[in-house]
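Coordinate inspection notes
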Amino acid sequence: MRLRFINFLKRHVGLLSFCRTVIRGMMKITYLFPIRKKTMLFASFGGRNFDDSPRAIYDEICNRREFDDWKLIWAFVAPERFTLPRGEKVKIDSFRFFRTLFTARVWVSNSGMDRGFELRNPRILRVETWHGTPLKKICGEEHTNAIKKNRYVSAPDKTAIRCAQSEYDREILARVLVAEKDTFLLCDLPRNDALLRYTPKDKAAIRCTLGIPQGKKVLLYVPTYREYLLNEKKETYLAPPIDLKKWEKRLGGEYVLLIRAHYAVNAALALTENDFVRDVSAYERLNDLYAVADVLLSDYSSAFIDASILGMPMLCFAYDLEEYEEKRGLYLDLAENLPCPICKTEDELLDEIAHLDMAE
């Protein structure tokens, strides 16, 4: 019911904008609520996950004695799915969530915390890390998305701390988030610091957990979502034109394939897992998957930026490039800017994988 209501509002842009404007005005009264000075509220991908840069910041805070007396609260869509080393859980969009939202001294999120209402209480410190370098168009600049942030935000926001990995990121994020450029810290994403900390022992433990046989290389396929692909339930789905039996026949002797769907995909591939293929969409830590991967396969995702830190071979499987450019849009010409081959067909991709130079 919740997902259907959200999708309904997304399809009725005028109603969504009207509701946001009315509720935003009403919520300004919450600026008068007393602030709990040592309370910090976290959320990752709108409460779907317990990971990414908010998790990295949370882990660091848990290790610092100056935060021993702080109350740490995570907001989740499904709190029962997650176990916290420290702190409390709250169900997102519940009464308790909003009470915490209006009174916590600090918010830490990677895709917005205030449920799209642009709350700007000057007594609340907002840390907004975002979640990757934008290759694809985002936040209302998509070709098929008529919701434009500057329709209902009167002035650029200057009250948060934000992360940008480069001037390229900052330019785009400042525009689409309607924020002052000087609120962005030019720094690595907090989540990526851990990529260089994995030891051989760590990697062996992850491979064991995933059931990857010794001696097998790992292909990590991380496709992004296509918001315009909707099934009969109005859910986004993932359906790349691949024949996994063909993949297994050509690559199964050397590789294990890990497939990780984007967090916004509601209905992914109907995978039948076996010795060759694993669905790791629900695996908690994406960094673990990067750490054990030998080759990254993706399309229009910032996964290329993350994986480049580890120097692994990468391939872009852009089987629907023209459709994606028309319906979603890209900020970059992939062929000119990605440091890897652009494959348009399954056979082309398999040939590239088979001839990769895996030398150190």
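So, here is what we can say about the structure in this document. Since this is a predicted model, take the numbers as computed values, not measurements.

**Digging into helix α3 (residues 52-62)**
- Regarding α3, the residues found buried are Asp 52, Ser 53, Pro 54, Arg 55, Tyr 58 and Ile 61.
- In this structure, the buried side of α3 is in contact with β1 (36-43), β2 (71-76) and β4 (104-109).

**Comments concerning the nonpolar core**
- Membership of the largest hydrophobic core comes to 34 residues, with the highest contact counts inside it found for Leu 210, Leu 220, Leu 258, Leu 296 and Phe 304.
- Elements with a minimum of two residues in this core: α6 (200-210), β8 (217-222), β9 (255-259), α8 (286-292), α9 (303-308), β12 (314-317) and α10 (321-327).
- Top element by residues in this core is α8. It accounts for four residues.
- Sequence-distant contacts of Leu 258, defined by excluding residues within four places in its chain, comprise Leu 210, Ile 212, Val 218, Leu 219, Leu 220, Tyr 221, Arg 278, Val 280 and Leu 289.
- Core analysis: the second largest hydrophobic core is formed by 19 residues, Trp 247, Leu 251, Leu 257 and Cys 343 among them.

**Considering the side chain of Asn 110**
- Structurally, Asn 110 can be placed in the loop between β4 and β5 (125-128).
- For Asn 110, the side chain forms a polar contact with the main-chain nitrogen of Phe 45, separated by 2.7 Å.
- Discounting chain neighbours no more than four positions away, the residues touching Asn 110 are Ala 43, Ser 44, Phe 45, Asp 52, Pro 54, Thr 129, Trp 130 and His 131.

**Remarks on the sheet that holds strand β11 (residues 295-298)**
- Taking strand neighbours across the sheet as the criterion, the six strands line up as β10-β9-β8-β11-β12-β13 in an open arrangement whose pairing is parallel. At either end of the open sheet lies a strand with only one pairing partner, and these are β10 (277-279) and β13 (342-343).
- As defined by bridge partners, β9 adjoins β10 across three bridges and the pair is classed as parallel. Among the inter-strand pairings, Ile 259 is bridged to a residue of β10, identified as Asp 279.

**Let's talk about the sheet that holds β2**
- Ordered by their spatial adjacency, seven strands build an open sheet running β3-β2-β1-β4-β5-β6-β7, and the pairing between neighbours is parallel. A strand with exactly one partner marks an edge of an open sheet, and here the two such strands are β3 (88-91) and β7 (184-186). Strand after strand, the sheet turns through a mean of 25° between neighbouring axes, direction not considered.
- Alignment of β1 against β2, held across four bridges, turns out to be parallel. Each bridged residue has a counterpart across the sheet, and for Met 40 the counterpart in β2 is Leu 72.
- Against the sheet, helix α5 (residues 167-176) makes contact with β6 (160-164) and β7, and its axis sits at roughly 170° relative to β7, the strand it touches most.

Conventions we followed
Residues numbered from 1 in each chain as written. Predicted model: local features only at pLDDT ≥ 70, side-chain atom pairs only at ≥ 80, totals over all residues. Heavy atoms only, no water. Buried < 20%, exposed > 50% of the residue type's maximum accessible area, 1.4 Å probe, protein only. Helix = DSSP H or I, 4+ residues; strand = E, 2+ residues; numbered from the N terminus. Contact = heavy atoms within 4.5 Å. Core = buried A, V, L, I, M, F, W, Y, C linked by side-chain atoms within 4.5 Å. Polar contact = N/O pair within 3.5 Å; in protein donor to acceptor, adjacent residues only side chain to side chain. Pairing = 2+ DSSP bridges. Axes fitted to C-alpha atoms, helices over the stretch in contact; angles between N-to-C directions.

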